[in-house]
Amino acid sequence: MSTPHVGVLALQGDTREHLAALREAGAEVSTVRRLSELERVDALVIPGGESTTMSHLLRELELLEPLRARLAEGMPAYGSCAGMILLASEILDAGAAGREATPLKAIDITVRRNAFGRQVDSFEGDIAFDGLDGPVHAVFIRAPWVERVGPGVQVLGEAAGHVVAVRQGRMLATAFHPEMTGDRRIHKLFVDLLS
Ligand code: GLN
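Residues numbered from 1 in each chain as written. Predicted model: local features only at pLDDT ≥ 70, side-chain atom pairs only at ≥ 80, totals over all residues. Heavy atoms only, no water.

The name an unreviewed UniProt entry gives the protein is Pyridoxal 5'-phosphate synthase subunit PdxT, with Mycolicibacterium elephantis DSM 44368 as the organism. The annotation that UniProt attaches to the protein under Subunit (unreviewed entry) is "In the presence of PdxS, forms a dodecamer of heterodimers. Only shows activity in the heterodimer." The record held by UniProt for the protein lists under Function (unreviewed entry) the comment "Catalyzes the hydrolysis of glutamine to glutamate and ammonia as part of the biosynthesis of pyridoxal 5'-phosphate. The resulting ammonia molecule is channeled to the active site of PdxS." (UniProt positions renumbered as here; feature names shortened; annotations may be inferred.)

Right under this line is the structure:
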């Protein structure tokens, strides 16, 4: 592939920061809010936000099933925080009945929503990240953690004894927000998976 075209799901969250990070990592970028925009991209970033609201908006915009279908066909995706929750195959503490976060089942993991949030709302720290030189400064905001990792899933990072970064083929997910720190290595890792 020449320059990969990466979309950022632009329903909520740090859309602008992800677009900038992906551009700096060498991708062509655009926002995705409708089906025609989803159809144009080679890969998708799902930012943080609120996974219950994002699931609701995906349903309202009739994007949920098309997105699930593209992921099932193998479209690469990177999810940060709420994005990690949505990419998971199973969500614990998914939210109030009728307003639950909906798993897109792209990565064989079980995540617990707001898992760290029960202890501290947000925190940051340096963590080791497999495949990167030197630690990553990770910012967690009402973050999930990963409670089960399927056999095809590689653990890339842990914080406080919990899995917080994973990769399965060309799917990537972090419980934290690399777009907030100016460190582009994780976006670069994702863009490099596309070539
Ligand atoms: N707690 C949020 C959720 O459940 C995630 C928080 C975030 O994306 N920063 O979706």
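Novice: Quick question: what am I supposed to make of the UniProt feature "active site" (unreviewed entry) in the protein here?
Specialist: On the UniProt side, "active site" (unreviewed entry) is annotated at positions that read Cys81, His177 and Glu179 here. The named residues occupy 99 residues along the chain; their greatest pairwise C-alpha distance, 11.2 Å, places them in one compact cluster. As for the largest pocket, its lining draws on Cys81 and His177 from among the annotated residues. You can see Cys81 is positioned in the loop between β4 (77-80) and α5 (82-87). The buried category is assigned to Cys81, whose relative accessible area is 4%. Discounting residues that sit within four places of it in the chain, Cys81 has contacts with Gly48, Ile141, Arg142, Ala143, Pro144, Thr174, Ala175, Phe176 and His177. In this fold, His177 is placed in the loop between β12 (171-174) and α6 (185-193). Taking the relative accessible area as the measure of exposure, His177 reaches 6% and is therefore buried. Filtering out sequence-adjacent residues up to four positions away, His177 remains in contact with Asp14, Gly48, Ser80, Cys81, Val139 and Ile141. Among the polar contacts listed, one links the side chain of His177 to the side chain of Glu179, at a separation of 2.8 Å. (1 Å grid on protein atoms, 1.4 Å probe; cavity = no way out; pocket = protein on both sides within 12 Å on 5 of 7 lines; lining within 4 Å. Helix = DSSP H or I, 4+ residues; strand = E, 2+ residues; numbered from the N terminus. Buried < 20%, exposed > 50% of the residue type's maximum accessible area, 1.4 Å probe, protein only. Contact = heavy atoms within 4.5 Å. Polar contact = N/O pair within 3.5 Å; in protein donor to acceptor, adjacent residues only side chain to side chain.)

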